[in-house]
Structures are given as structure tokens and as C-alpha cells.
Amino acid sequence: MDSLEARSRDVQERTFCKWLNTKLELNGYPPMTSLVKDLSDGVRLIQLMVSITRFESFINKYRSPRMHAGDYGLVVIIFRDTSLGRYNKKPRMRVQKAENVNKALEFINSRGVKLTNIGPEDIIDGNLKLILGMIWTLILRFTIADISEEGLSAKEGLLLWCQRKTAPYKEVNVQDFSFSWSDGLALCALIHCHRPDLLDYDKLDKADRHGNTRLALTVAAEHLQIPQLLEVEDLCDSNRPDERSVMTYVASFFHAFSTMDQAVTVSRRVEKFAELMQSVWVARNDYERRARLLLTALLGIQERWYASVFTGTYVDAKEQSAEFTTYKQTTKRTWVTEKQDVATLFGNVQTKLRTYGLREYVPPPGLSLSDLDDAWKELLSSEARRSRAINAQIREIKESLRMRFADLANNFEYQLHIISSELTAIEGPLEEQQQKVQEIQTRIPALSDALSEAAAAEAECMAANVEENDHTVFTCQDLAFELELLVQSIAKKIAFIDNQIVSRNMTNLTPAQLEQFESTFRYFDKDETNTLNLSEMAAALASLGLVYSDNDMNYIYDQLTQDYGAVTYEAFINLLVDITEDQTSPEQLRESFHGIAGDKPYVTELDLRLAQLPPGSIEYLREAMPSRTNEAGEQEYDYEKWLDDLISAQASGVAVNSDCLDKYQQLKLKKTFKYVIFNLNKANTEIIVEKTSESIDYEDFVSDLPETECRWAVYDFEFEKEGAGKRNKLVFVSWSPDTAKIKQKMLFASSKDALRRSLVGIAVEIQGTDSSEIAYESVLDKANRGA
């Protein structure tokens, strides 16, 4: 037993001495050869304290995913002259040595490291057992104590980490920090798990204990910059390898490999950002398409009403009244829903962009929310005119009942419109938006009372056979529908803001995850108190696959209760977020691109693929980011400029070449050309004339528009107006086919206004995304409407 203890002590002394030397050498101090001899005068102990504490403090503060163990030597210049104050650098007398040792021990205590059963005389007199105990305490404090895995710490956390990393290797069974490491396979498995390029685990001779151990120690030292704290015989030739020495060495593997895991976060952040920008682009296109269709539909119904005439008969008036009522109960409600959905879609796009600090979205001219509101107001005015025209044909209307119901209905709709407008206009920080929406929600009961009063007035009108009303275009069904729609919109807005508040700090949680977490909480909240007791919380976590021991569960429950007063929904969600959280700020995003690029000012497609981004995200980034071709013929993508353009609030303009206006005037005034096609120059800085043509065949014009690229064009459109002879209208065409590249679509969309403002006299404007939208019949239909 004494021989085993002595050998363990010798291994510890050598291991601890090597560990301390790694700290001394980084600060320019010579290495130690003996703990007993070199620590006895206190000088080297003071140097150790400076090296260990200040260096570890620096590394903990500035460690980055790209900082390797070999880089740490760069900090020597910073801390070489740091000391604990004045001390005896060449002590000769015992009292001077005692002063030095005392200073070092006091400094250790000031760092929160508690040393017991050791005093200055033990170090001066070379009590190796106590000295080893002191060094082990320092190793625990500055190397092992910060290791954490699933709530465990120090020895248990390090052991759990080793077990998880080596679990796939059937020959490895890590149960302790002694016998489990005596054949070298556990060390080889740790290296292969993280760096399979450094050794081929499957080809190892599993029976060659010394060879496997020697290989692992050599690879770790030469390729991973992990100092060789142990010798082969310390592990292979010992009846019981020293636990503390093994823990000290294995902890070096943990710290070396833990930084590698952070690189995964870099790729995930870029992936999330690419997905965000894709979703914003899709939402913007969807908003513009739906807004354009809605505006066209509103204009079409009003033109029908304007052209409608009455025959003067009661039957005709009743038929037109029934048709108008059907419109309000079907088509109008569809438009009300669509108008609200379009406004919500616009608000969602803006909220997403603001959440990530990106430039706000400005719709094309004529497609803003204010344009929609103006068109809607015009529709309401047209409805009122239509209603009055129909009602004028129907007699014996009881004015007092009509007026009473109209006042109630119009006031209700006005209040509804005010609240709906307030809901749409909500902006600012998410917490302020949340508070505003909740205040709006408190006003719904009063609206319900007002609707009941309006319904009673309508019932009186029905009883008196008053079926029409000149003073309102609304029925109680309309108001109830819009009220229900408003209630739904408020609920959707609250849910969206709540989701954005969570997503702002937890962008790695998907909506499906959030929905799963919420439904889980509600299911296990049996008493509907909006809180979970200990057993309910344990069951809820277990249903999500998160199983903890009773002690850990008690600790989590007590901590949440202490922080939140009870395990509320907020506490439950934040607990789950703490487990799966990942954030993306503009700074983190830029740092992530730096990580993928390897600190180059550009990224290549190979960089993106090595970062394991999905193919869809890589394709989007290749389309969206500006690029150049290097000498090797490889594309280099300028992510810095792309991020600056996205995050900056400024946008660049595109000039219009004077030749564009000259050719347009020749077409317009002299009829020199039948059509002119415009394009961007190669540098995308100026709009130029690409082609002019005198061909009167409309199909020639269509064939000149490329199938997969964007263009603008002006066409002198000639057609027959029924009963009015030939007419000519100048048609402006924005050709943006679905098959065009995303980057080109964005560029043409943002540059269109510069050209369009320069062309005075355009009568018809066409937005074409496929051949059907620029077909002759489609253009003729639009030209006929205002001819």
C-alpha cells in the first residue's frame, strides 16, 4: 500500500509540475523541476499565482471559437510584468522565504480558493503531500471547476462529458479517472470523436495498450497543443493510474475541444439569417401581389356600379338591391379579410426587419398601406353612392328607424375602424406594442354592447318592413363579421408580438417548438392556475424528453420559484429557452460570417458548404451577395458589403441615361418607333436603351422580352374602342418573370421608379411576371377601361 501511494505521489508530482510549467512558460518564466525544491522560497509560487490567475482570467474573458491553444502565447506580452506587489526575489533567510510564501497563500485565498491544513512552513520544509494537495486545489479551481455538463460540475461533469463523447466506441467504457484510461483507447476515442482526421480509430490494435497510449499522447501534443502531462507508463504500467493526474490531463482535452463546438453556432446563425431574409423576401412579394390584386378588384366593382342604370321598376330596384346585398355578404367580406391580412402581412415584415435592426421595407408607389386605405375609402364612398341610388327607387321608408340604426351602425364602424387603424399603426419596441394591443383588447366589450344595441335597432327596422337604408352601408352581420375579424386580428397580433419577443432573444426556437412548449404547459396545468407544481413541472418536462433526477428537479423548481414566485408560463418557457437558446445580433452575425470565411474579407461557395449550410440557404446567399472572380476563376462573395447594405438605413440610386428620354419622345411625338425596351448597364448604375423597333406585330414585342431576365418597355398600343374608333395609349411594361434571379428582381424593382417618373404621358401600366399578364388581350382589357 505504501509503495502504491508513493508511486501515485511521484506521478502526481511529475504531472502537477508539468501542468504548472505550462502556465509559467506562457509568462516567460523558466520551467520547474521539483515542487519541493522550486516552491520552497516562495518566489516561484508567487510567479505561479500571477501566471495562473491572470492568464485564466484573460482566457475566460476573451476566448473565441477561432482561438486555439497555441494562440494563448500571444497574451504573454500583456501579463509578463504583472505581480502581487513587492516581494523578496532572492531570499536567503527563512523569514524572507516565509514572507514570500505567506504573500502567495494570502493571494490564493483572496481569489476564493480555500486552502486547509497547509502553512508557510509546510512549503518551506518541502512537505510533498501537503504541497500536492495545494496544487490539486489550484487545478480544481482554475482548470476543472468551470467544467459543467447538464447541471453537474467538476469531476462529475467532466466524467459525463467523457462518457458521452466515447459512447459510440464499444471498446471504451469510461467509469472513472483511473482504470478506464489504462489502455489508451479512451484518449484515442476522444481525439477521433472531435478530429477523425488525426487518427484512424478502427485500425488501432485494441490490444496494444502502450502503442495506443503513446499515439494519443503524441497526437494531442503535436496537433492539439495539449501538453503531455503524463507518461505512457503512468497509465499502462500502474496497478491503479493516479486519479488526480488523469483528471488534470483529461481536463485539457475538454478545454481544447469545447471551443470546436462553438463553430457550429457560427454556421447556424448564418443559416437562420439566410432563412429570415428569404422569408422577408417572400412576404414582400406576397404583399405586393395581393395588394395589387385587391386594388384592381376594388376599382373593377366601382366601374360596374358606375355603368349600371335603373329601368325605373320596383322589381329592377329590388333585384339590384339583392345583388348589392349579396356582394356585401360575400365579395365585400372577402375583401375586408384580405385588406386586414395584407395590412397584417406588411406589419409582420416591418416587425421582423426592426427586430433584427434591418432597414424598413418601403412598398412600390401606389402599393403602400395609405394607398390601400385611400382605395378602401373610395370603395366605401362608392358603396354609399350605390346604396343611395338603390334606396331612392324604393318607397315608404321609415326615416326615424333608418336614421337610428344608421347612426349606431356608422358610429360602430367608425369606432371599429379607429381601433383597426390603431392596431395596424402600432409600432415601436415589442414590449410597448404588447402593452398597446392589450389596451385595445380592453375596449372590445364596449363594442359588443354597441353591436347589441345596433342589432336591436335593426330588428325594429325589419319588423317595420324597412329593408333599405340610405345612411349606412352596413348591416349587423357586416359589423359582427368585422368585429369578429378585429378580435381575431388582435389575438393574432398578440400571439405574433409574443412570438417576436421570444424570437428576438431565442432565434433558434421555431414556431413549432414554441407551440409545442405552450400546449405542453396548458395540458399539465390541470387546475388552470397558470402555474405548475413540482409534479406537474416534472411531468411536463418529461413529456418533452427532459428527464432529471429528483434532486435536480427540486433544485430547478426551487430556483424558478425563487426567481418568478411560482412556475408560471413565462418561467416554464424561459427554462426551456435556457436549454435551447441561440441568438443572432448584427454583431454576432458579422462575427459568424468572419468565422465561416476564416477571417477573409470574402467567402467562397466552398466555405459555405464546409459550414454545412443547407443547399437552399447557399443558393440564396450566392444570388444575394455581390461577387467577383479571382485569378483562379473562383467566385468570391463580399459578405461585408451585403451586410452593410442590409443593416444600413441608406439606399443607392440608379441614373437614367438621356438616350432613354430621347427615344421615348421619338416614340411618343414622332411615332418613329412602335416600342422601346430598356435595361440596366453592366455595372447596374444606369438605365439604358436596349432596343427600339418599328414592328407593328405585338408578338414581336413579346418575343423581344427575355424569358429569364427583367426588362422595362414602352409600347404604343393601338386599338379599336367600340363606337369611338381607333385609340392610342402609351403602355409602360415592368417585365419581371418568375424565372429571373432573385438579385436581379430586387435590383429592377428598386430602380423602376427612377425610369417611370421620367416618362410623362404613360396611360397604362402593366406588371408582368409571366406571358399571360402581358398577352395582347390582357393589355387591351386595361386600355379599354379608361379609353
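Quantities reported herein were computed from a predicted structural model and do not represent experimental measurements. (Residues numbered from 1 in each chain as written. Predicted model: local features only at pLDDT ≥ 70, side-chain atom pairs only at ≥ 80, totals over all residues. Heavy atoms only, no water.)

(A) Molecular detail of the nonpolar core. Formed by 76 residues in total, the largest nonpolar core has its most connected members in Trp181 and Phe253. When residues of this core are sorted by domain, at least three fall in each of domain 1 (1-146) and domain 2 (148-269). Once you skip the residues sitting within four places of it in the chain, Phe253 turns out to touch Trp161, Leu187, Leu190, Ile191, Ala220 and Ile226. (Core = buried A, V, L, I, M, F, W, Y, C linked by side-chain atoms within 4.5 Å. Buried < 20%, exposed > 50% of the residue type's maximum accessible area, 1.4 Å probe, protein only. Domains from an automatic or database assignment. Contact = heavy atoms within 4.5 Å.)

(B) Broad picture of a negative patch on the surface. There is a patch of like negative charges on the surface, built from Asp697, Glu699, Asp700 and Glu777. Turning to its location among the elements, Asp697 is positioned in the loop between strand E9 (686-693) and helix H29 (698-703). (Patch = residues over 30% accessible without salt bridge, like charges linked within 9 Å, V, L, I, M, F, W, Y side chains within 5 Å. Areas by Shrake-Rupley, 256 points an atom, 1.4 Å probe, with all protein chains shown as cover. Salt bridge = Lys/Arg side-chain N within 4 Å of Asp/Glu carboxyl O. Lys, Arg positive; Asp, Glu negative; His and termini not counted. Charge placed at Lys NZ, Arg CZ, Asp CG, Glu CD. Helix = DSSP H or I, 4+ residues; strand = E, 2+ residues; numbered from the N terminus.)

(C) Layout of the UniProt feature "coiled-coil region" (unreviewed entry) in the protein. Mapped onto the present numbering, the UniProt feature "coiled-coil region" (unreviewed entry) falls on residues 430-467. Strand forms 0% of residues 430-467 and helix 84%; the C-alpha atoms that close the span are 46 Å apart. (UniProt positions renumbered as here; feature names shortened; annotations may be inferred.)

(D) The arrangement of the packing of aromatic side chains in detail. Taken as a whole and assessed by the stated rule, the structure comprises 30 aromatic pairs. A connected cluster of aromatic rings, assembled from ring pairs, spans Tyr675, Tyr698, Phe701, Tyr715, Phe717, Phe719 and Tyr776. Here the basic side chain of Lys206 rests over the ring of Tyr201, its NZ or CZ set 5.0 Å away from the ring centre. Cation over ring: Arg756 sits above Phe732, and NZ or CZ is 5.8 Å from the ring centre. (Phe/Tyr/Trp six-rings, centres within 6.5 Å; stacked < 30°, edge-to-face > 60°. Lys NZ or Arg CZ within 6 Å of the ring centre and 35° of its normal.)

(E) Quick look at the sheet that holds strand E8 (residues 675-680). Ordered by their spatial adjacency, 6 strands build an open sheet running E7-E9-E8-E10-E11-E12, and the pairing between neighbours is mixed. If you trace the sheet from one side to the other, it starts and ends with strand E7 (655-656) and strand E12 (764-768), each paired once. Examined bridge by bridge, E8 and strand E10 (residues 711-721) share 4 bridges and lie antiparallel to one another. Bridge pairing links Ile677 to Ala713 in E10. (Pairing = 2+ DSSP bridges.)

(F) Summary view of the pairing of strand E11 (residues 725-735). As defined by bridge partners, E10 adjoins E11 across 11 bridges and the pair is classed as antiparallel. Bridge assignment links Arg711 to a residue of E11, and that residue is Trp735. When E11 meets E12, the two strands line up parallel, connected through 5 bridges. In the strand pairing of E12, Val733 is matched with Ile766.

(G) Spotlight on the confidence of the model for the protein. Scored by pLDDT, the protein comes out at a mean of 83, with 88% of its residues at no less than 70. Within the protein, helix H4 (residues 76-79) has the poorest average pLDDT of any element, 35, and E8 the best, 96. Residue range residues 61-82 is modelled with pLDDT below 50. Its contacts to residues more than four positions away, or to other chains, number 41 contacts. Throughout residues 648-652 the model reports pLDDT below 50, and contacts reaching past four residues in sequence, or to other chains, amount to 3 contacts. (pLDDT = per-residue confidence, 0-100.)

(H) Layout of helix H21 (residues 534-543). For H21, the complete set of buried residues consists of Glu536, Met537, Ala540 and Leu541. Seen from one end, H21 has its buried residues packed into an arc of 130°, which puts them on one side. (Arc of directions from axis to C-beta.)

(I) Main features of the packing of helix H8 (residues 154-166) against helix H9 (residues 185-194). Their axes nearest at 9 Å, the elements H8 and H9 cross at an angle of 70°. Between H8 and H9, the angle falls in the class roughly perpendicular. The chirality of how H8 crosses H9 is left-handed. Residues Trp161, Lys165 and Thr166 of H8 touch H9, and the partners they reach there are Ala186, Ala189, Leu190, Cys193 and His194. Considering only residue class, the contact of H8 with H9 consists of 5 nonpolar, 2 polar and 1 charged. (Axes fitted to C-alpha atoms, helices over the stretch in contact; angles between N-to-C directions. Parallel < 35°, antiparallel > 145°, perpendicular 65-115°, else oblique. Left-handed = near helix turned anticlockwise from the far one by under 90°. Nonpolar A, V, L, I, M, F, W, Y, C, P; charged D, E, K, R; others polar.)

(J) Examining the side chain of Lys674 more closely. Residue position: Lys674 is located in the loop between helix H28 (658-670) and E8. For Lys674, which is buried and forms no salt bridge, the nearest opposite charge comes from Glu718, at a distance of 4.4 Å. The residues contacting Lys674, other than those within four sequence positions of it, are Leu667, Ser693, Glu694, Ser695, Ile696, Val714, Tyr715, Asp716 and Glu718.

(K) Local environment of the side chain of Glu383. Among the secondary structure elements, Glu383 is positioned in helix H15 (residues 369-391). Exposure remark for Glu383: the relative accessible area of 0% places this residue in the buried category.

(L) Local environment of the pattern of salt bridges. Applying the stated criterion across every chain, the model contains 33 salt bridges. For Asp234, the salt bridge goes to Arg14, with nearest N and O atoms at 2.8 Å. Residue Asp234 is located in helix H11 (residues 232-236), and its partner Arg14 is located in helix H1 (residues 2-26); the two are separated by 220 residues in the primary sequence. Residue Asp234 is classed as buried on the basis of its relative accessible area of 4%. A relative accessible area of 35% means that Arg14 is categorised as partly exposed.

(M) Structural context of helix H18 (residues 444-463). End to end, H18 covers 29 Å across 20 residues, agreeing with the expected 28 Å (1.5 Å per residue, within 8%). Buried residues of H18: Ile444, Leu447, Leu451, Ala454, Ala457 and Cys461, and no others. Viewed along the axis of H18, the buried residues span an arc of 130°, placing them on a single side of the element. Residues Asp449 and Ala463 are exposed on H18 and point more than 90 degrees away from its buried face. (Expected span 1.5 Å × (residues − 1).)

(N) Broad picture of the packing of H21 against helix H22 (residues 550-564). The interhelical angle for the contact between H21 and H22, taken along N-to-C directions, is 115°, at an axis separation of 10 Å. The orientation of H21 with respect to H22, classified from their angle, is roughly perpendicular. For the pair H21 and H22, the crossing hand works out as right-handed. The residues of H22 that touch H21, namely those facing Leu534, Met537, Ala538 and Leu541, are Met553, Asn554, Ile556, Tyr557 and Leu560. Of the residues that constitute the contact of H21 with H22, the class distribution is 8 nonpolar, 1 polar and no charged.

(O) Just the pairing of E8, in detail. Counting buried positions along E8 gives 6 out of 6 residues, so the element sits mostly inside the fold. Burial along E8 is two-sided: Tyr675, Ile677 and Asn679 and Val676, Phe678 and Leu680, pointing in opposite directions, are all buried. Here 6 bridges tie E8 to E9, and the two strands are oriented antiparallel to one another. The residue bridging Ile677 from the neighbouring strand is Lys691, located in E9.

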